[in-house]
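# Survey of secondary and tertiary structure
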Amino acid sequence: MFRAIKAPAESGPPSDPATSAMTTTPSARGAALASGTHKSLANAIRALAMDAVEAASSGHPGMPMGMADAAVVLFAEQLRFDPRRPDWPDRDRFVLSAGHGSMLLYALLHLTGYPGMTIDELKRFRQIGSRTAGHPEYGASPGIETTTGPLGQGFGNGVGMAIAERHLNARFGDDLVNHRTWVIAGDGCLMEGISHEAASLAGHLGLGRLNVLWDDNKISIDGPTDLTLSDDVPARFVSYGWHVVSADGHDPKSVSAALAEAAADPRPSLIACRTVIGHGAPTKGGTAGSHGAPLGAAEIAATREAIGWPHAPFEIPADVQTAGLALGDRGAVDSEAWQGRLDATDPSVRAEFERTMAGKLPAAFADAVQSLKATLASDPPKLASRVASQRAIEAFAPTLPELLGGSADLSGSNNTKVKSQAILTRDNAGGSYVHYGVREHAMAAAMNGMALHGGVIPYGGTFLVFTDYCRPSIRLAALMGIRVVYVMTHDSIGLGEDGPTHQPVEHLAALRCIPNLHVHRPADAVETAECWQVALERADGPSVLTLTRQGLPPVRTTHSGENRVRRGGYVLQDANGARQVTLIATGSEVDIARKARDLLAADGIGAAVVSMPCKELFAAQDAEYRDQVLGNRTVRIAVEAGVRMPWEADIGPDGGFVGMSSFGASGPYEELYKHFGITPEAVADEARRRLAARKN
């Protein structure tokens, strides 16, 4: 017997939706389907999943077959969507966190009439160039709201989407922003640590518009989940402040009642759908055998007979097609009503809403950056770049109401919060700063969800060494090409006494390996402001700002309207006389290179200093510019308090490197630089040695 599991009153947010901006509840969406219609649509999903996986000779048929009933109820009764306008801003967001079950999503998109998701695309499941990749990929087709596959990431994205929805609702009101986020998550998603962090955060913030359907099939790849799991999952979610309700995942009425109860509750909800993986398969249903491999021709034939589906592979009868398209048509009423409300909105509010949702920055932002740069040049400060970053945020945050900052319990160390930012809480969704707590995994995944939702530009901070915790989400942000800014401070041995556990050595190299990720390491306050500008103006991928704990002397003391960071690297100081050496440095090591230049000049050796705050932007420049900056036929020495790996292409076969080749140590940072040989003298000596070797 399934029952609703109620949280104690004191463990959840206020029960009255009117008491919290985070918990306003919309009305119910649609009517229940007739029994025969529901069965036909659910079996169509099962058949398409079996057929596509069989045709590809790989894939995961079990999850789509098991969750087909619950998904049909969700799309028929609760989910607000319009395939004819798939980017409608006030649509509900649907996230398939259990991305291995991608055929569930693809089948639903096909049946409900999303453009481009044709039957031919389903036949091309897992093939190069198809819309139907092995795991859902954002941008491949309308209706795919995020890239999922690494388990738990979609759960975290869903939390971020729910935060963005409540934040924008507080800013623009119910008429323009008033929707839900629905997530389907599997046992694996809830095992992953990221879901624990994200669920705890969602409960704390009282995200009542977040509803997660848990595919409780008790099967993982290795076998029954009791091989590895003894958790009381519902009780865990109750302890987070969630509403929890259980349902028979194969009984439409049970699922319908559970979804309705979840939608009516002001807390985030976990709907535990007890299902049978591979439902309908006579011998592989309920076993790990249906999880991650084709069922095989014999089992598919037996399943067709068992569920009463006599149709050929990829054949959908006309009446089932009509029923599926009717679900999609239903959303047009809501989207057209929303458009009417938008049309009736005050023109200035409408213009700001449309600008925000389109991700376009206001003109005032660039003006604020220029003003800040002029101020910094007029009185050049010695600042840690983390402090310079805070000054930059202070300067432009008032021009960017869509900016939503935060930190993983390191606000004072990351310098990510400024005075103009109110805290986002369950009672103040309009706040523009999130205290994520010690939850780096959840923070990074939630920021991805915010960026995907639209209308929000998220940034979040922690120590650079802890990008290891954020890396899966950073990688997915780069894969999806979304605007997220990671503020990573304490970027080298320069953090000093905290020692090698906190001193990043390999992290710059590790981040630079990720395609489509821009890694910025500014040398002073002016470069920091320029890095921020470039990162925020970039709409096609994420950026990491790596910032120092220690103070940096100014290296840019003359104001220029040009943003020199845009080209990734540039000649900061030219050589006295003919250039024989090019010293290439980033961040705190730029000043070391400048001092080495002076030492070489005293020996009559002409050396230029190149500041390279973003290697990825520099690599994108034309060959002529790169050669001009790096200097043809000069000895090139790279200087960075990290490992050598990223620098080989820039310094060439006879170039040198001054940096780290081991972990750091605990001690004052000035002494550490001497201890590890990252000094002006060491740089000058390396240049002399390389020049001598070239002559020989």
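What you are looking at is a predicted structure, and each value in this text was computed from that prediction instead of being measured. (Residues numbered from 1 in each chain as written. Predicted model: local features only at pLDDT ≥ 70, side-chain atom pairs only at ≥ 80, totals over all residues. Heavy atoms only, no water.)

### Quick word on the nonpolar core
One finds Phe155, Leu213, Phe237 and Trp242 to be the most contacted residues of the largest nonpolar core, which totals 129 residues. Tyr570, Ala593, Ile678 and Ala684 belong to the second largest nonpolar core, which has 44 residues in total. (Core = buried A, V, L, I, M, F, W, Y, C linked by side-chain atoms within 4.5 Å. Buried < 20%, exposed > 50% of the residue type's maximum accessible area, 1.4 Å probe, protein only.)

### Overview of the sheet that holds strand E20 (residues 635-639)
Spatially, E17-E19-E18-E20-E21 is the arrangement adopted by the five strands of the open sheet, whose pairing is mixed. At either margin of the open sheet sits one strand with a lone partner, and together these are strand E17 (570-573) and strand E21 (656-658). With strand direction ignored, the average angle separating the axes of adjacent strands in the sheet is 30°. (Pairing = 2+ DSSP bridges. Helix = DSSP H or I, 4+ residues; strand = E, 2+ residues; numbered from the N terminus. Axes fitted to C-alpha atoms, helices over the stretch in contact; angles between N-to-C directions.)

### With respect to the pattern of salt bridges
Throughout the structure, instances matching the rule amount to 35 salt bridges. Of the charged contacts in the structure, one is a salt bridge between Asp265 and Arg267, with a shortest N-O distance of 2.9 Å. We classify Asp265 as buried; its relative accessible area is 12%. The exposure class of Arg267 is buried, given its relative accessible area of 11%. The network of salt bridges with common partners includes Arg171, Glu352, Arg355 and Glu402. (Salt bridge = Lys/Arg side-chain N within 4 Å of Asp/Glu carboxyl O.)

### Re the layout of surface pockets
In this approach the atoms are scanned with a rolling probe the size of a water molecule, which exposes any empty space left behind. One number sums up the size of the largest pocket: a volume of about 640 Å³. In this structure, the largest pocket is lined by 27 residues; those nearest its centre are Tyr138, Met357, Ala451, Leu452 and Gly454. Within the residue set of the lining of the largest pocket, elements represented by two or more residues are helix H12 (347-358) and helix H16 (440-453). (1 Å grid on protein atoms, 1.4 Å probe; cavity = no way out; pocket = protein on both sides within 12 Å on 5 of 7 lines; lining within 4 Å. Points joined across faces, edges and corners; volume = space filled by probe spheres on them.)

### Observations concerning empty space enclosed by the protein
Using the criterion set out here, one finds five cavities of 30 Å³ or more in the structure. Estimates place the volume of the largest cavity at around 100 Å³. Around the largest cavity, the lining comprises 13 residues; the ones closest to its centre are Phe81, Phe94, Tyr114, Gly143 and Glu145. A per-class count over the lining of the largest cavity returns eight nonpolar, one polar and four charged. Considered as a void within the structure, the second largest cavity measures approximately 50 Å³ in volume. Along its surface, the second largest cavity is lined by Leu41, Val72, Leu108, Leu111, Thr112, Gly324 and Leu327. Listing elements by their share of the lining of the second largest cavity, those giving two or more residues are helix H3 (102-111) and helix H11 (318-343). (Nonpolar A, V, L, I, M, F, W, Y, C, P; charged D, E, K, R; others polar.)

### What about the confidence of the model for the protein chain?
Predicted coordinates in areas of low pLDDT are best not read in detail. For the protein chain, the mean per-residue pLDDT works out to 95, and 96% of the residues sit at or above 70. Taken together, the stretch residues 1-28 has pLDDT below 50 and engages in 72 contacts with residues farther than four places along the chain or on a different chain. (pLDDT = per-residue confidence, 0-100. Contact = heavy atoms within 4.5 Å.)

### A short note on the packing of aromatic side chains
According to the stated counting rule, one finds 16 aromatic pairs in the structure shown. Considering the side-chain rings of Phe237 and Tyr240, the 5.6 Å spacing of their centres and the 75° angle between planes classify their relative orientation as edge-to-face. A relative accessible area of 18% places Tyr240 in the buried class. Within the aromatic cluster, the residues linked to one another by ring pairs are Phe75, Phe81, Phe94 and Tyr114. Positioned above the aromatic ring of Tyr625, the side-chain terminus of Arg567 is 3.7 Å from the ring centre. Above the ring of Trp647, the side-chain terminus of Lys615 is found at 4.1 Å from the ring centroid. (Phe/Tyr/Trp six-rings, centres within 6.5 Å; stacked < 30°, edge-to-face > 60°. Lys NZ or Arg CZ within 6 Å of the ring centre and 35° of its normal.)

### Description of the side chain of Ser102
Residue placement: Ser102 occurs in helix H3. Apart from the residues within four sequence positions on either side, Ser102 is in contact with Leu96, Phe125, Ala133, Gly134, His135 and Pro136.

### Some thoughts on the pairing of strand E2 (residues 93-96)
The side-chain alternation of E2 yields two buried faces, one formed by Arg93 and Val95 and the other by Phe94 and Leu96. Direction of pairing for E2 relative to strand E3 (residues 181-186): parallel, over a ladder of four bridges. Looking at the pairing, Arg93 lines up with Thr181 of E3.

### Observations regarding the packing of helix H2 (residues 62-78) against helix H9 (residues 252-264)
The N-to-C vectors of H2 and H9 enclose an angle of 50°; their axes lie 9 Å apart at closest approach. Relative to H9, H2 is oriented oblique. The two elements H2 and H9 meet at a crossing, and its hand is right-handed. Of the residues in H9, those touching H2 at Ala70, Val73, Leu74, Glu77 and Gln78 are Pro252, Val255, Ser256, Leu259, Ala260 and Ala263. (Parallel < 35°, antiparallel > 145°, perpendicular 65-115°, else oblique. Left-handed = near helix turned anticlockwise from the far one by under 90°.)

### Concerning the pairing of strand E8 (residues 269-274)
The element E8 is largely enclosed, with a buried count of five among its six residues. Summarising the sheet, strand E4 (residues 210-216) and E8 pair through six bridges and their orientation is parallel. Paired with Leu213 across the two strands is Ile271, which belongs to E8. Two strands pair when backbone bridges link them, and strand E7 (residues 243-248) and E8 are joined in this way by six bridges, in the parallel orientation. Looking at E8, one finds that Val244 is bridged to Leu270. Taken together, E7, H9 and E8 constitute a β-α-β crossover, and its handedness is right-handed. (Right-handed = clockwise from strand over helix to strand, strands pointing away.)

### Quick look at the sheet that holds strand E12 (residues 457-463)
Taken in spatial order, the six strands make up an open sheet running E11-E10-E12-E13-E15-E14, and their pairing is parallel. Each edge of the open sheet is held by one strand with a lone partner, namely strand E11 (433-435) and strand E14 (518-520). Across the sheet, the mean angle from the axis of one strand to that of its neighbour is 20°, orientation sign disregarded. Strand direction decides the pairing type here: strand E10 (residues 403-407) and E12, joined by three bridges, are parallel. Bridging from a neighbouring strand, Leu404 pairs with Pro458 of E12. Against the sheet, helix H17 (residues 467-480) touches E12 and strand E13 (485-489), its axis set at about 160° to E13.

### Observations regarding H2
Under the 1.5 Å per step criterion, the end-to-end length of H2 is 24 Å for 17 residues, consistent within 8% with the ideal 24 Å. In the structure, H2 departs most strongly from a straight axis at Ala68, where the bend amounts to approximately 55°. For H2, the tally of buried residues reaches 17 of 17 residues, placing the bulk of the element in the interior. (Expected span 1.5 Å × (residues − 1). Bend = angle between axes of the 7 residues up to and from the residue.)

### Thoughts on the side chain of His490
When you line up the elements, His490 lands in the loop between E13 and helix H18 (507-512). The residues touching His490, leaving out its near neighbours within four places in the chain, are Arg386, Ser413, Phe463, Leu464, Leu495, His502, Pro504, Leu547, Thr548 and Arg549.

### Things to note about the state of the cysteines
One pass over the structure, following the stated rule, counts zero disulfides. The cysteine Cys513 is free of any disulfide, with Cys614 supplying the nearest cysteine sulfur at 14 Å. We classify Cys513 as exposed; its relative accessible area is 52%. Among the cysteines around Cys614, which has no disulfide bond, Cys531 carries the closest sulfur, lying 7.3 Å off. (Disulfide = S-S within 2.5 Å.)

### A short note on the environment of Ser58
If you trace the backbone, Ser58 turns up in the loop between helix H1 (35-56) and H2. Classification of Ser58 by relative accessible area gives partly exposed; the value is 25%. In this structure the C-alpha to C-alpha distance between Ser58 and Met645, which are 587 residues apart in sequence, comes to 37 Å. The residues contacting Ser58, other than those within four sequence positions of it, are Val53, Phe125, Arg126 and Pro294. A polar contact is formed between the side chain of Ser58 and the side chain of Arg126, at a distance of 3.2 Å. (Polar contact = N/O pair within 3.5 Å; in protein donor to acceptor, adjacent residues only side chain to side chain.)

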